[in-house]
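Take a look at the letters that make up each chain.
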Amino acid sequence: MGHFVKICGLANADDVDAVAALRPDAMGFVLWPPSKRAVRVEQLAEWTPRVPTGIRKVGVFVDATPDEVLRAMEQGGLDVAQLHGRERADDFRKFPRPIWRAVSLRGDGGAKAQLAPADLAAIDGWSVDAYLVDTYSPSAPGGTGLVGNWELARAFVERADRPVLLAGGLTAGNVREALAAVKPWGADVSSGVERTPGRKDIEQVREFIKQCRAE
């Protein structure tokens, strides 16, 4: 059946319905106000009941407290919390919902792709259901559209003790190459299937899913 597929950054009702009809494995919603793709919990409460059973509804959070995350998940009908900020593992140790921890890989800066201490420190002490590896940017915690270092991502996959989703500059045109190089559990895309920030190109979404699920 191919790789796990998450379509992230859904920001309007039409896209939610159109993407849900394509049956990705997960759909992501950004609950970080500075994002161009930010949505409100009140919107999610209207949209998520229309998403078919079996598609995981993922909330993307940055530096929110456990109470804030859980409240948003309950009110917005979300299944998974994806954490992109400087959250502390101890604060989420008893969190009652699945957690995906995002890691923006920096590498050690050498000629050979090698994980940096900061890459490993980002997952130290966390007990999560999956990791998401993204491209590091000093200006944003994710969703930059920058293509990552796939050799570095492969090194992370080999070290991780949990499933890993690959993100960072993926498109329908490069995702098969990326999956072959990194060998992750699945792929996460946001800007790579957009017309404009927050507006999906549904044909690109369709092709992205097709490429991820091709044997």
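Since this is a predicted model, take the numbers as computed values, not measurements.

**Topic: the packing of aromatic side chains**
With the rule as written, the count across this model stands at seven aromatic pairs. Taking 5.9 Å as the distance between ring centres and 90° as the angle between the ring planes, the aromatic pair formed by W100 and W185 counts as edge-to-face. Here W100, found in strand β5 (residues 99-105), pairs with W185, found in the loop between α6 (175-182) and β8 (186-189); they are 85 residues apart in sequence, far enough to count as distant. Taken together, a centroid distance of 5.6 Å and an interplanar angle of 90° make the contact between Y131 and F156 edge-to-face. Of this pair, Y131 sits in strand β6 (residues 130-135) while F156 sits in helix α5 (residues 150-159), and the two are 25 residues apart along the sequence. For the pair Y131 and F156, a shared accessibility class is recorded, and that class is buried. Site record: aromatic cluster; members linked through ring pairs are F4, W100 and W185.

**Comments concerning the pattern of salt bridges**
This structure, assessed with the given rule, holds 14 salt bridges. Close ionic contact of D25 with R213 constitutes a salt bridge, the shortest N to O distance being 3.2 Å. Taken together, the residues D25 in the loop between α1 (13-20) and β2 (26-30) and R213 in helix α7 (residues 202-213) connect sequence positions 188 residues apart. Here D25 falls in the partly exposed class, since its relative accessible area comes to 23%. Among the salt bridges present, the one from R40 reaches E42, with a minimum N-O distance of 3.9 Å. Across the pair, E42 and R40 agree in class, each one exposed. Put simply, R37, E194 and K200 are held in one network by salt bridges that share partners.

**Thoughts on the packing of α5 against α6**
One way to put it is that α5 packs onto α6 with a least axis distance of 8 Å and a crossing angle of 45°. Taken together, the axes of α5 and α6 lie oblique to each other. In this structure, the crossing between α5 and α6 has a hand that is right-handed. Between α5 and α6, the contacting residues are W150, A153, R154 and V157 on the first element and E177, A178, A181 and V182 on the second. Class assignment of the residues belonging to the contact of α5 with α6 gives a composition of six nonpolar, no polar and two charged.

**Observations concerning the nonpolar core**
Across soluble globular proteins, nonpolar side chains show a tendency to be buried alongside one another. Counting 59 residues, the largest nonpolar core has M27, F29, F61, V69, F156 and F208 as its most contacted members. Considering each element in turn, this core owes the most residues, six residues, to α5. Residue contacts for F61: discarding those within four places in its chain leaves L31, V69, A72, M73, L78, A81, Q82, L83, H84, G85 and E87. Listed in part, the 10 residues of the second largest apolar core include V58, V80, A130 and L132.

Cut-offs applied
Residues numbered from 1 in each chain as written. Predicted model: local features only at pLDDT ≥ 70, side-chain atom pairs only at ≥ 80, totals over all residues. Heavy atoms only, no water. Phe/Tyr/Trp six-rings, centres within 6.5 Å; stacked < 30°, edge-to-face > 60°. Helix = DSSP H or I, 4+ residues; strand = E, 2+ residues; numbered from the N terminus. Buried < 20%, exposed > 50% of the residue type's maximum accessible area, 1.4 Å probe, protein only. Salt bridge = Lys/Arg side-chain N within 4 Å of Asp/Glu carboxyl O. Axes fitted to C-alpha atoms, helices over the stretch in contact; angles between N-to-C directions. Parallel < 35°, antiparallel > 145°, perpendicular 65-115°, else oblique. Left-handed = near helix turned anticlockwise from the far one by under 90°. Contact = heavy atoms within 4.5 Å. Nonpolar A, V, L, I, M, F, W, Y, C, P; charged D, E, K, R; others polar. Core = buried A, V, L, I, M, F, W, Y, C linked by side-chain atoms within 4.5 Å.

No statement about biological role is implied by the geometric values presented.
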